[in-house]
Amino acid sequence: MAIDNNIVFLNGEFVPMSEAKISPLDRGFLFGDGIYEVVPSYGGQLVGFALHIERMQNGLNAIGIKLEMGVDDWRDIAIKLMESSGKGNLGLYFHVSRGADTKRFHAYPEHVQPTVFAYAFEIPAATTADKQGVKQYKVTSTEDLRWKRCQIKSTSLLGNVMHFQQGQDVGVQETILFNQHKELTEASACNVFMVKNNVVITPPLDNQILPGITRHMLLDILRKDGSFQVQERALNMTEVRDADELWLTSSSKEIAPVVELDGQPVGNGKVGDIWQKAQSLYSANKYLY
Ligand code: PLP
């Protein structure tokens, strides 16, 4: 699928990527002043669409960007982009910046139209609950040095990018983060879950983590299923290092098993049974959201 120069949505129009032009004075470019979303879709079926749009609206409200677009407007854009991309496994990227002012000045400008951009990009096929076939993650860990407003899905991602790169630099695929009290927050681009003695545990929602849609759906699915006790609570570094299983969750990964943390095996170093059950339940229920 050639989607490099596919049709993208920019400020009300669908144009080829090469013709989509944004002002260098756009505050998204100058300040990272914007909100974004990534919604997964498989064969034209969107996952968690309304939840993603609700989170984006919360972000826009938090930073005072007024945009007259509702979930149906976004869905129309998503459908057009999926059609023009040939409906494979796609991430729908939605981005709203505060727009382009006539000067570079920190204060929120008045009377500036937000810039609205959306495009579709290929993502891997949906994860399946296959212990042998699933991609196994090795991760490193470090102190979370991002800002204190991680609940906002801001386009200012430099803190996350730098943490992600720390993993790349030591040859692993993610970096999990601990706050200054050595409590788990999340990973640079995912939420984190752990399992101990058949209990599934993840840090609570607050300003230290993104309220992940996959996290939300997984917690709901596990609670409705009832096979495992589920807890949202602070997790210290010692507990995490002693976990039976560790998972990363995100829209494009779904539930990804972590087998190594800082060079040490997680649990027995193999993909866990509870991961398999959780991913299987997630696969069976994700289109209901
Ligand atoms: N945490 C961070 C920092 C992220 O960037 C992401 C996804 O991009 C997530 C968590 C997972 O969120 P979601 O499940 O909504 O994709």
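Residues numbered from 1 in each chain as written. Predicted model: local features only at pLDDT ≥ 70, side-chain atom pairs only at ≥ 80, totals over all residues. Heavy atoms only, no water.

(A) Representation of helix α4 (residues 158-169). Counted at 1.5 Å a residue, the expected span for α4 with its 12 residues is 16 Å, and the 16 Å between its end C-alpha atoms agrees. For α4, the set of buried residues is Asn-160, His-163 and Gly-167. Looking down the long axis of α4, one finds its buried residues gathered within 70° of arc, a one-sided arrangement. Those residues of α4 that are exposed and angled more than 90 degrees off the buried face are Leu-158, Met-162 and Asp-169. Buried residues along α4 sit in contact with β7 (137-143) and β8 (174-178). Immediately beyond the C-terminal end of α4, within one or two residues, lies Gly-171, with a positive phi of roughly 80°. (Helix = DSSP H or I, 4+ residues; strand = E, 2+ residues; numbered from the N terminus. Expected span 1.5 Å × (residues − 1). Buried < 20%, exposed > 50% of the residue type's maximum accessible area, 1.4 Å probe, protein only. Arc of directions from axis to C-beta. Contact = heavy atoms within 4.5 Å.)

(B) Structural detail: the state of the cysteines. Counting across every chain of the model gives zero disulfides. Free cysteine: Cys-150, not disulfide-bonded; nearest cysteine sulfur from Cys-190 at 14 Å. Taking relative accessible area as the criterion, Cys-150 reaches 7% and is therefore assigned buried. According to the relative accessible area criterion, Cys-190 is buried, its value standing at 3%. (Disulfide = S-S within 2.5 Å.)

(C) Representation of empty space enclosed by the protein. Going through the model one piece at a time under the given rule, you end up with one cavity of 30 Å³ or more. The volume enclosed by the largest cavity comes to roughly 40 Å³. As for the largest cavity, its lining consists of Asp-244, Glu-245, Leu-246, Trp-247, Pro-257, Val-258, Val-259, Val-266, Lys-270, Gly-272 and Trp-275. Looking at side-chain class alone, the lining of the largest cavity contains seven nonpolar, one polar and three charged residues. (1 Å grid on protein atoms, 1.4 Å probe; cavity = no way out; pocket = protein on both sides within 12 Å on 5 of 7 lines; lining within 4 Å. Points joined across faces, edges and corners; volume = space filled by probe spheres on them. Nonpolar A, V, L, I, M, F, W, Y, C, P; charged D, E, K, R; others polar.)

(D) Broad picture of the pattern of salt bridges. Within the structure shown, the criterion is met by 15 salt bridges. A salt bridge links Glu-186 to Arg-146, with the nearest nitrogen and oxygen atoms 2.9 Å apart. Here Glu-186, found in strand β9 (residues 184-187), pairs with Arg-146, found in the loop between β7 and α4; they are 40 residues apart in sequence, far enough to count as distant. For Glu-186, a relative accessible area of 5% gives the class buried. Take Arg-146: its relative accessible area is 12%, and that puts it in the buried class. Put simply, Arg-233 and Glu-239 hold a salt bridge, and the shortest N to O gap is 2.9 Å. Residue class for Arg-233 comes out partly exposed when judged on its relative accessible area of 30%. Classification of Glu-239 by relative accessible area gives partly exposed; the value is 25%. Several salt bridges share partner residues, and in doing so they unite Arg-27, Asp-33 and Arg-98 into one network. (Salt bridge = Lys/Arg side-chain N within 4 Å of Asp/Glu carboxyl O.)

(E) Just the packing of helix α5 (residues 213-225) against helix α7 (residues 273-285), in detail. Contact geometry for α5 and α7: axes closest at 10 Å, N-to-C directions at 100°. Accordingly, the angle class assigned to the pair α5 and α7 is roughly perpendicular. In this structure, α5 uses Thr-214, Met-217, Leu-218, Ile-221, Leu-222 and Asp-225 to contact α7, whose residues at the interface are Lys-277, Ala-278, Leu-281, Tyr-282 and Asn-285. (Axes fitted to C-alpha atoms, helices over the stretch in contact; angles between N-to-C directions. Parallel < 35°, antiparallel > 145°, perpendicular 65-115°, else oblique.)

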